[in-house]
Amino acid sequence: MTTERTERVIVSGATSGIGRAIAIRLASRAAVVGVMGRREEAAREVAAQVEELGCKAEVLQADVSQPSAVEDAIGAFVAKYGGIDTVVSSAGIALTGLVNDFGLDAWDQMISTNLSGTFYLAKYTLPELIKTRGTFTAISSDAGTQGAQEFAAYCATKHGVNGLIKAMALDYGASGVRCNAVCPGFVETPMADQLLDGMSTEEVDYYKKSVPLGRFARPEEVANVVAHLSSTEAAYSHGMIYALDGGATSGYYSAPA
Ligand code: NAD
């Protein structure tokens, strides 16, 4: 017996890393995945992979820091597919540095992409999610629940995302819209590669050793958690700040020698 696919999904930051893995994971069950990204060519490549899994794909070219671009992309998707069931906010950037050295433009870029980008996606999809009793999942970070040296701006944005999700859970629970944040530690993606490349061997070693499971995550492991949280199997999971970090934020930890 084949079940008809009905789920309409939008994933931001779907052209790379975690967002790409989520788009592909959800394509195995969805009717259509909106592949939202700034880079049209990269979005087309992911869309082709989505379609290989028997799912429609819609390229939604948008810079999430631009509210009108997000609104227009969502409007076009809804006009074509009639609604939205599942939204995942994965678009993000990580600029590092000490507060006293951090450029004002860099700060604005961090806030407008990571925090406002999540807000715009929520703002323009919630009217549809209320109609479908859908789900909104934000890819936050372990830097959303604790500090990290020289990651002040990033930490501020991800703490903001977690606050946004908690408040949305209170505001939209009665409407049946489940809102959750997933907080990974390091995940093997281009973002992490770039961050780790800029660190000393000792620092990279420190981060690796601080994970009780002894390794960083793979993007597919984040996608599996998002697939669960956005499914009916997680019908009671709401307002969660889901630590997905191999135990790294469980407490002080020193790896066995
Ligand atoms: P990545 O760099 O591989 O992918 C990020 C994606 O976001 C890219 O597709 C990029 O084009 C897109 N993006 C960036 N700015 C955008 C904008 N203004 N408009 C639209 N798209 C934009 O990084 P990733 O590791 O896959 O990161 C995905 C999310 O996971 C981010 O929110 C990041 O903060 C979070 N995260 C990553 C890690 C990690 O170690 N990789 C850990 C915790 C949380």
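- If you look the protein up in an unreviewed UniProt entry, it shows as SDR family oxidoreductase from Parahaliea maris.
- Taken from UniProt, the Sequence similarities (unreviewed entry) comment for the protein reads in full: "Belongs to the short-chain dehydrogenases/reductases (SDR) family."

**A few points about a negative patch on the surface**
- A contiguous patch of negative charge, built from D101, E150, E202 and E203, is present on the exposed surface.
- Looking at where E202 falls in the secondary structure, it is placed in helix α7 (residues 201–209).
- With a relative accessible area of 60%, E202 lands in the exposed category.

**Let's talk about the site of the ligand**
- Lining the immediate environment of the ligand, one finds 28 residues, of which T15, S16, I18, Y154 and T189 sit closest.
- In the model, a nitrogen atom of the ligand is placed 2.8 Å from a nitrogen or oxygen of the D63 side chain.
- Y154 places a side-chain nitrogen or oxygen 2.6 Å from an oxygen atom of the ligand.
- Breaking the shell around the ligand down by element, the ones donating at least two residues are α1 (17–27), α5 (152–172) and α6 (190–197).

Cut-offs used in this document
- Residues numbered from 1 in each chain as written.
- Predicted model: local features only at pLDDT ≥ 70, side-chain atom pairs only at ≥ 80, totals over all residues.
- Heavy atoms only, no water.
- UniProt positions renumbered as here; feature names shortened; annotations may be inferred.
- Patch = residues over 30% accessible without salt bridge, like charges linked within 9 Å, V, L, I, M, F, W, Y side chains within 5 Å.
- Areas by Shrake-Rupley, 256 points an atom, 1.4 Å probe, with all protein chains shown as cover.
- Salt bridge = Lys/Arg side-chain N within 4 Å of Asp/Glu carboxyl O.
- Lys, Arg positive; Asp, Glu negative; His and termini not counted.
- Charge placed at Lys NZ, Arg CZ, Asp CG, Glu CD.
- Helix = DSSP H or I, 4+ residues; strand = E, 2+ residues; numbered from the N terminus.
- Buried < 20%, exposed > 50% of the residue type's maximum accessible area, 1.4 Å probe, protein only.
- Near = heavy atom within 4 Å.
- Polar contact = N/O pair within 3.5 Å; in protein donor to acceptor, adjacent residues only side chain to side chain.

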